[in-house]
Structure formats: C-alpha cells, structure tokens
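# Coordinates in review
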Amino acid sequence: MASAGISVASLWTEVNRCGQNGDFTRALKALTKILHENRDDVTALHCKIVCLIQNGSFKEALNVMNTHSKVLGSEVVFEKAYCEYRLNRVESSLKTIESAAEQTDKLKELYGQVLYRLERFNECKTVYTDLIRNSQDEYEEERKTNLSAVVASISQWENTPLEDLGLPESTYELCYNTACTLIGQGQLTEALNKLRQAEELCRVSLADDTDITEEDIESELAVIHSQMAYVTQLQGRTDEALQLYNQVIKLKPSDVGLLAVTANNIITINKDQNVFDSKKKVKLTNAEGVEHKLVKKQLQAIDLNKALLAMYTNQADQCRKLASGLQSQEPTHPRPVLIQVAQLCREKQHSKAIELLQQFSDKHPESASSIKLTMAQLYLVQGHVTKACDVLRSIEEFKHKAGMVSALVTMYSHEEDIDSAIDVFKQTIGYYQSEQPGSAAHLALVREAANYKLKYGRKKEAISDLEQLWKQNTKDIHTLAQLISAYSLVDTDKAKSLSKHLPSADTMAFNVDVDELENSHGATYVRKKAAKVTGENPAPKEQGQGEIKKKKKKKKGKLPKNCDPKATPDQERWLPMRERTYYRGKKKGKKKEQIGKGTQGATAGASAELDASKTATSPPTSPRPGSAAGSSAAGSSAAGASNVVPPRQQKPAAPGATRKKVPQKKKKGGKGGW
C-alpha cells in the first residue's frame, strides 16, 4: 500500500504540471491511473471532466458526470451546464443552471449566454447589468461587450426604445455593436461611420501582434465589411454592396453564420435575375451548424428567400414545401401564404389562389390586411371590380384612409355605380365627424364629396356638404357660388337670399386698370383704339370725292388633287393614317433583288459590287450606334428579406481555463427586407 501511495502522489504531481503547461491529454492519462486506484475519487473525477472540456470532448465529459452523478452531486453544476450549452442543448443548460443551489458569478455569466441564445434579450440585459455593477475584475470589458451585443439585438429584433447605458467604444467590438444598434434605429449614415471607426480600431489593435498575419486581419474584418455592405444595400447602392459581399465570400471565413448571412443578402440583390449565381450561393446557407449561429428571424428570412428562388427557377413542389414549412413555424404570418399564392398565379390558377387567401383571412383576421389587398388585386386582374371593392371595404384598418376612399370611388365610378361611391364618402365623413371633427382631413373629404356629387348632377345631395363647408369659412366665395347654384334647382328663394352674401361687382373687380392691363407686355389680341384728332376737325368731303372702299372677293379654297367634290369626305381625314380605323399597315413588297435569278451560283449583290458603274463615290459612313447585346429589362421583385450581420458577443470561458485578452468571438444577429 505504501508503494501505491507514492505512485498516486507522483501522479498528482504529473497532473498539476500538465495542467499548468496546458497539456490536458497527458493529464488525462495520469487521472485515469488515479481513478483506477479509486474510481470514486471526487477530485480526480472533477479534474478529468475539466480536462475533457478543455480538449473539446463535451459528450464524454457529460457521460462521466451522468455516470458518477451520485458521487459528484452539485460539485459540477457549472461544468454540466457548460457542456450542454456547447452541445447546443440550450434548454437543458437553462434547467441545470436554474436548479443550482447557489448562483455563482460564473453561473451568472453562463446564464446570460444561455438567455441570449434563447433570444430572451431583456432578461439577458438584466443579468449582465447586474454582473457589471457587482463585480470588479479583469473581465469587465468582456462583460460590457456582451451587454452591448444584447442592446444591439434588442434594437434590431424588438424595435423598442433603449436607454443610454453609457457603454464605452474603446474596442472595435464595442464600436461594432454600437453600429448594429444604430442600424436597428434606422440611422444608417451614423452606423456606417461607426463601422469605419471599428475597422480602424481593429487594424490598430491587431497590428501590434506579430503572430497575426494580414490574412488573419482580413478574416477578422470580414464581419465588419459584411455589415458595411448591408448598410450600403439599405441605402440603395446595391453595386457597392455586392462588391463588398463578394470580397467576404472570397475570404472563405470559418464562421458559417457570417457566410450564410452574406450569401443570403447576395440572393436578395440578384432577385429574379442571375439565378445561376443565386443557386450557388444558397448552398452556403445550408452549412452544418448555421441554425445555432443565427436568430429565428434570420433563419426565417433565409427560408423565405429559398422559397422565392425555387419559384423563380420553376421548382413548384420545392417552393410549396418551403412555404408550408414557414407557415407551420409562423401560422399567423402572411408571407408564406403570399408565396404560395404567387406560385399559383404563375400557374394561372387564380381561383385557387383567391380561395387560399380567403381561408387564411378567415382563420387569422388580425393579420388579414395584406391578404385582402392581394385578393382585391386578383379580382381586378380577373375583371371583377365590384368584388374587389367589397373586399377592400372589409379591411377595417384601411377603411377610412384617404387612399382607400380614392381607390373605391374611382372603381365604383368606372362601374357607373355612383350610389356606392357616394355611400363610401358618407361613411368616411361620418367616421371623421365623430373622431376628428373639423380637421383638415375631414373638411377635405367633405369638399371632395360635394364636388363629386356636383359632377354627377346630384346637386340636391351636395347641398348639405356645401353648407357645412361654408359655415366653416363664410369668406369662401367659391363654395358659396356652388351652394347658390345647387339651391337654384331646389329652392330659388334660398338661392336669392344666399346671393346677397356675394361681394359686389366693384369688389370683385379688385380695382383693375383695364387700359394698363391691355397695354402690358403679356397682352395679345388687344383691341385698337381710334386715334384722337387734335385741332380743327377736317372739312367734310364732298360726295363722290371720298375713297370708295372696294369689297374684297372671297377666294375659293383650293381642293386637294384628285378630289371629287360630289363624294362624301372622309370623316377621319384629320387623323394620322396609323390612327384610322381602316388602316391595316403597309404590305411588305417583294425584295427587289431576288435570289435564284441569273447564272448558277451568282447573286444580285455580288453582281452589283462588280459593276463599276454602280460604285458609290461618297465616303463610307460610320457604324450606327446601338444597344449592347444581351441587355434586358429588370423584372418585378417579390417580397424577400435581407439579413444584417449580428452583434458580436463573448463566449464564456471553459472551466479551469485561464481567460486571455484576445479578439472576442461574436454572436450574430440579422435584419429582414427585400
């Protein structure tokens, strides 16, 4: 037994030495020998778990903890939660942390990471704020980086106003996360400036390390460049954005999440053009582990663009499969249904598309606005204007909007259904009368209703609207004149009494000097005044002495050549020939130089070239400019979504590892919008 004790002591010395040198593989061999002597040694088991974690053997470490759970008890709660987190069993990791008897600082750090992965950003923010307030150590900067990543995610995905936490921008990670926050708030110019600042800080911080090559620096800058490309794309400069995206793809970064987001955004720029390139890029979004690097909204945006790409490449079954999968994830979201409807319309199945839209509208009335607008559009395509109007009037959200009223009135007028158009005005005016009486929108609607009724001869119905407008502004002469005109057909006495409010003719003249107006620079066709004669009046001419005015004979108009005066003139003779009803176009005549005439093998063109008498003496002309070959008009774009490269976040340190000041790893988050 004594020799065994000496052997165990030497083995522990070996474990300690290997642990300090970072040689965890040799340490594991020594720990295996120790556990061979005593398989329930808690310290040896704990050390073995830490060595396995340091070597990345998370499954094996978790198996050791589960096998010896009775012996270890609560000694390895952090290690177990960490292994589950690294194995992407985030829900299990959360349960393990919450079951711990004591919440240590390292458990709180891991708890914040787990909450971030579960997209519970507000709770995560509370955890990191508490850690920064109650701890002072060398990892404070990393905690602030993680907190800024959480703030950026809240800004991008939840669109909620944020308080200023006073976080510094001393590192490129902090500066990058600030830029992500600005993107979420729509401040694109400021975000682009922050990203340039982050790029400069990154180059400066990595340039001092002699072990880092230029390729390593460019790889670290890839996430910043991809985010700069996204901002540029949002600003409408798609060519610049596409160039930056392709530069990131060529670097082949190891981050599969970054590659997936960049490839997806290239697909959104391509739209229904350059489909071959999009099919190559979509493979990058299918890489293993992408689902653990991106948030839920980013993954849905990628799947949405995959469905649209399948539709553009005529893969109908694949398009329906992807759209159905998206609909099962988000049953209340209208986009998957709209993609299925677009596919049906490409197949000319409009009736089935309308039926699908109606089913979704009945099941989810709270999300039916965009669906009903699409239904109305399909009805209009089929020529069912009245049905389209009925669908539009059923949308409560847009029912009283000025644009909706204008569209409905236009369509009813096209169908000559004046009563329905007036009813639309009546309902909308009633709504504004109760909600916003006397507002500019209310009075504008009343005026439009009155003008519409007067236009279609409904003067009796227009009287109430005109009276309402005149009471609001009794100095409005135009409205008063319209009111008098309407009353003249209904009540002449009332029209006479109202005419007393009209201004006098002198007031209406506005003291205009007619002579000065006629002599002004812009006056044309002014009557000439007779010149006034000064002095004595000339003696009257004797009869016969005056000049006799000769009557000018009217010349007969010249008739066109070959005109038959007895024939009835063409009623369409004033229209251009191409616009006349009987025009059928010019018939193409036979070519003057026909092939086949002459001796065998000879052509008319060749004969003409050899004929010296037909040689042109004028110099040759330059080629006529034309359009480049292969150009095509851009097609219409469907609703897609582009992703923003997400905020960067620190990973928790593995158990037993010393934490180093290295460029931090980051989590990704994104933004939708095609």
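Here's what I pulled together on the structure shown here. Since we're looking at a predicted model, the values are computed, not measured.

### What to know about the overall build of the protein
Within the protein, the secondary structure is distributed over 32 helices and zero strands. Taking all 674 residues of the protein together, the buried fraction comes to 38%. Of the contacts made within the protein by residues no fewer than 6 positions apart, 57% connect residues no fewer than 24 positions apart. Here the protein displays about 42,400 Å² of accessible surface, and carbon together with sulfur accounts for 51% of that area.

### Re unusual backbone geometry
Positive phi outside glycine occurs at Lys 252, with the angle close to 50 degrees. With respect to the helices and strands, the residue Lys 252 is situated in the loop between α14 (238–251) and α15 (256–270). On the basis of relative accessibility, which here comes to 69%, the residue Lys 252 falls in the exposed class.

### What to know about the packing of helix α8 (residues 105–117) against helix α9 (residues 121–134)
At a minimum axis distance of 8 Å, the contact between α8 and α9 shows a crossing angle of 155 degrees. Between α8 and α9, the crossing angle belongs to the class labelled roughly antiparallel. The interaxial crossing formed by α8 with α9 has left-handed handedness. Facing α8, whose interface residues are Asp 105, Lys 108, Glu 109, Tyr 111, Gly 112, Gln 113, Leu 115 and Tyr 116, α9 presents Phe 121, Glu 123, Cys 124, Val 127, Tyr 128, Asp 130 and Leu 131. In the contact of α8 with α9, the residues fall into eight nonpolar, two polar and five charged.

### A look at helix α22 (residues 369–382)
Taking 1.5 Å of rise per residue, the 14 residues of α22 would be expected to cover 20 Å, and the 20 Å separating its terminal C-alpha atoms lies within 8% of that figure. In the segment just after α22, Gly 383 is the residue with positive phi, at about 90 degrees.

Procedures and definitions
Residues numbered from 1 in each chain as written. Predicted model: local features only at pLDDT ≥ 70, side-chain atom pairs only at ≥ 80, totals over all residues. Heavy atoms only, no water. Helix = DSSP H or I, 4+ residues; strand = E, 2+ residues; numbered from the N terminus. Buried < 20%, exposed > 50% of the residue type's maximum accessible area, 1.4 Å probe, protein only. Contact = heavy atoms within 4.5 Å. Areas by Shrake-Rupley, 256 points an atom, 1.4 Å probe, with all protein chains shown as cover. Axes fitted to C-alpha atoms, helices over the stretch in contact; angles between N-to-C directions. Parallel < 35°, antiparallel > 145°, perpendicular 65-115°, else oblique. Left-handed = near helix turned anticlockwise from the far one by under 90°. Nonpolar A, V, L, I, M, F, W, Y, C, P; charged D, E, K, R; others polar. Expected span 1.5 Å × (residues − 1).

These results come straight from atomic positions and should not be treated as a statement about function.
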